[in-house]
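Each chain, written out:
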Amino acid sequence: MTDKALMERIIAFRAKPENQSPFGLYLGLEIVDIDEGEATVTVPYAKHLAGNSLTGVLHGGIITTSLDVACGLSVIAALGGPTTIATLDLRIDYLKPASPDEAVFAYGHCYKVTKNVCFVRGIAYQKDKNKPIANATATFMITAKGTGKQAKKITTEGSSNESAQ
């Protein structure tokens, strides 16, 4: 289920040029869904993203990037809004190649928030979430003013102040 208010705030934040990733724009990466502690993004298939031009199979870096973004967004969703974070560790297990001519989806779930570090699990898939093409585990460092629950409080208060203005 989508948290529409949170998704709108994150999309508005990402719409500002200073908050955009040139690489994400190049990939055509889009946010599909955001809920508390969860996020899903997609990268549409494009021939220029293939790792092998003969087979058309997407480059593994595209899968890694989409998982990193989904996992990072799940942390932001767990904290309640835009804040600065950094990927500390990202481990990807590739299960099978992505089928050519199909979009890739990446899903992240932030299952633990501590004072400074958030823990996330993720999967990349194409048509069926139950048939993943890759698994991910990741940790993210909270680099914003305030950490963990304090950062969540700050982002929540900030959104209340924004709506009042």
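Residues numbered from 1 in each chain as written. Predicted model: local features only at pLDDT ≥ 70, side-chain atom pairs only at ≥ 80, totals over all residues. Heavy atoms only, no water.

**Brief notes about the confidence of the model for the chain**
Residues at a pLDDT of 70 or more form 86% of the chain, whose mean pLDDT is 85. Mean pLDDT per element in the chain: helix H4 (residues 148-164) is the minimum at 48, and strand S5 (residues 117-125) is the maximum at 98. (pLDDT = per-residue confidence, 0-100. Helix = DSSP H or I, 4+ residues; strand = E, 2+ residues; numbered from the N terminus.)

**Quick notes on helix H1 (residues 4-15)**
The end-to-end C-alpha distance of H1, which contains twelve residues, comes to 16 Å, matching closely the 16 Å that a straight helix rising 1.5 Å per residue would cover. All buried positions along H1 are accounted for by Leu6, Met7 and Ile10. For H1, the buried positions fall inside an angular range of 95° around the axis, keeping them on one side. The exposed set on the far side of H1, more than 90 degrees from its buried face, consists of Lys4 and Glu8. (Expected span 1.5 Å × (residues − 1). Buried < 20%, exposed > 50% of the residue type's maximum accessible area, 1.4 Å probe, protein only. Arc of directions from axis to C-beta.)

**Observations regarding the packing of aromatic side chains**
Applying the stated criterion across every chain yields a total of two aromatic pairs. Between Phe23 and Tyr26, the ring centres sit 6.4 Å apart and the planes meet at 20°, which makes this aromatic pair stacked. Taken together, the residues Phe23 and Tyr26, both in helix H2 (residues 22-27) and three residues apart, mark about one turn of the helix. Residue classification places Tyr26 among the partly exposed residues on the basis of a relative accessible area of 49%. Judged by centre distance (5.5 Å) and plane angle (15°), the rings of Phe105 and Tyr125 are stacked. You can see Phe105 sitting in strand S4 (residues 104-113) and its partner Tyr125 sitting in strand S5, a full 20 residues away along the chain. Assessed through its relative accessible area of 10%, Tyr125 is described here as buried. For the cation-ring pair, Arg121 lies above Tyr111, with the distance from its terminal atom to the ring centre recorded as 3.7 Å. The positively charged end of Lys129 is found above the aromatic ring belonging to Tyr107, 3.6 Å away from the centroid. (Phe/Tyr/Trp six-rings, centres within 6.5 Å; stacked < 30°, edge-to-face > 60°. Lys NZ or Arg CZ within 6 Å of the ring centre and 35° of its normal.)

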